[in-house]
Amino acid sequence: MAALGASRAAAGLLRAQSLGVWRGLRTTAALPQMPQAKSQNAKAEGTFQVTMLPGDGVGPELMHAVKEVFKAASVPVVFDEHHLSEVQNTASEEKLDRVVDSMKESKVALIGKIHTPMEYKGDLASYDMRLRRKLDLFANVVHVKSLPGYQTRHNNLDLVIIREQTEGEYSSLEHESVKGVIECLKIITRAKSQRIAKFAFDYATKKGRAKVTAVHKANIMKLGDGLFLQCCKEVAELYPKIKFDTMIIDNCCMQLVQNPYQFDVLVMPNLYGNIVDNLAAGLVGGAGVVPGESYSAEYAVFELGARHPFAQAVGRNIANPTAMLLSASNMLRHLNLEHHSNVISDAVKKVIKGGKVRTRDLGGYSTTSDFVKSVIDNLHPHYGA
């Protein structure tokens, strides 16, 4: 009876949170919508300011593709562009602060991959991680969806991976306790586990999704992942219309390869999400075709779903701009620019479906420029051309 009372008390607390503290999450991060009044951030009447971080590798080339398509589609967006790169030694606290200041004004960003060098240079936290923490971008969302016209082993896939990305294994807490012995701490907190679980169920509710799967390794990490799993179960009780199940991370990876159709929305801690994002992207064509986004209660960042700099392709005009263009389209939808968003996403999907213009990662020989030109050509019917 005592255990039952405690369970009911916990459920009651969570319900109170869903009406109080969680209300902000429901209306901002979990149900991302651009606030109606943003004219103070605009360069001109009816124009939206967006922070842009091209990043490393082919990031600048992908951003150029976005600018070209936006210009052709007459998208009312002005980019506030910043450069932050540890690889090119253009990263500093001052530049990071400028990016944060820009985000405070725009609330929205389009970013490329800010590459993290493996060499230890005195600071364990990369600039990419520091930026996400400063903005509290706790929820990373990757919508993995098959592209009509491009055949893969599994077609007609449609699943969403939601990853907590402010703690877990990426907490930057490492030290050498004695010579030759490194301790790397994984941090799991009740507050952040509840927050990401609530985000996942709110997302499923808004998008009409039927099931949420919590991915964990609580059989081994009984306290850390055990707490994450318990929080997911407690939040699930508040959503009786959404089916809830759990799966161990290693089995999840195998199931994604064998039968990905069983999944709908997956929610998981930081490292697992990073791995599963990339695995799932590979199911539908790779890093070049899957968009991603990250949310805090106040900010929205649109990016690649599988974050790769693709450094070996720099300057060769062979990078696939599909993922970045689709991410930019999602950003426009977030800004309530539905028409422009649909025009661009439809044009990109028409090019893929047509099959005549494909970059090397999709088995073709077309250049980045060829792909962008084809996308722009497919914009014209929407504008009466």
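Residue positions are given per chain, counting from 1 as you read along its sequence in written order. Thresholds applied to this predicted model are a pLDDT of at least 70 for local features of residues and 80 or more for the giving and counting of side-chain atom pairs; totals over whole chains, interfaces and linings are not thresholded and use all residues. Neither water nor hydrogens contribute to the side-chain values; these are computed over all heavy atoms in the structure.

Looking at an unreviewed UniProt entry, one finds the protein chain named Isocitrate dehydrogenase [NAD] subunit, mitochondrial and attributed to Pipra filicauda. UniProt positions are given in the numbering used here, feature names are shortened, and annotations may be inferred rather than shown by experiment. Recorded under Sequence similarities (unreviewed entry), the UniProt text for the protein chain is reproduced unchanged: "Belongs to the isocitrate and isopropylmalate dehydrogenases family."

## Details of the packing of aromatic side chains
The description of an aromatic ring pair rests on the distance of the ring centres and on the angle between the ring planes. Working definition: rings of Phe, Tyr and Trp (its six-membered ring) pair if their centres are within 6.5 Å, and the pair is stacked with planes under 30 degrees apart, edge-to-face with planes over 60 apart, and tilted otherwise. Inspection of the entire model under this criterion finds six aromatic pairs. Taking the centre distance of 5.7 Å and the plane angle of 25° together, the rings of Phe70 and Phe79 count as stacked. Buried residues are those whose accessible area, probed at 1.4 Å on protein chains only, stays under 20% of the maximum for their type, while exposed residues exceed 50% and partly exposed ones sit between those limits. Given a relative accessible area of 4%, Phe70 falls into the buried group. Ring centres 6.1 Å apart and planes at 35° place the aromatic pair Phe199 and Tyr295 in the tilted group. Of this pair, Phe199 sits in helix 6 (residues 190–207) while Tyr295 sits in strand 11 (residues 291–295), and the two are 96 residues apart along the sequence. According to the relative accessible area criterion, Tyr295 is buried, its value standing at 5%. Here a set of aromatic residues connected by ring pairs shows up, and it is made of Phe138, Phe199, Tyr295 and Phe302. Per the convention used, a helix needs a DSSP run of H or I reaching at least four residues, while a strand needs a run of E reaching at least two, with both numbered from the N terminus.

## Things to note about the layout of surface pockets
Buriedness of a pocket was judged along seven lines, with at least five required to meet protein on both sides within 12 Å; pockets are open sets of points on a 1 Å grid over the protein atoms alone, cavities are sets where a 1.4 Å probe fits but cannot get out, and lining residues have an atom within 4 Å of a point. Grid points are joined across faces, edges and corners, and a volume is the space filled by probe spheres set on the points. Each pocket or cavity is described by its volume, and for the second largest pocket that value is around 740 Å³. Around the second largest pocket, the lining is made up of 30 residues, and of these His143, Lys207, Glu293, Asn330 and Arg333 lie nearest the centre. Residue assignment for the lining of the second largest pocket shows that the elements contributing at least two residues are strand 4 (139–145), helix 6, strand 11, helix 10 (322–334) and helix 11 (338–354). Counting residues per element, the lining of the second largest pocket draws most heavily on helix 10, at five residues.

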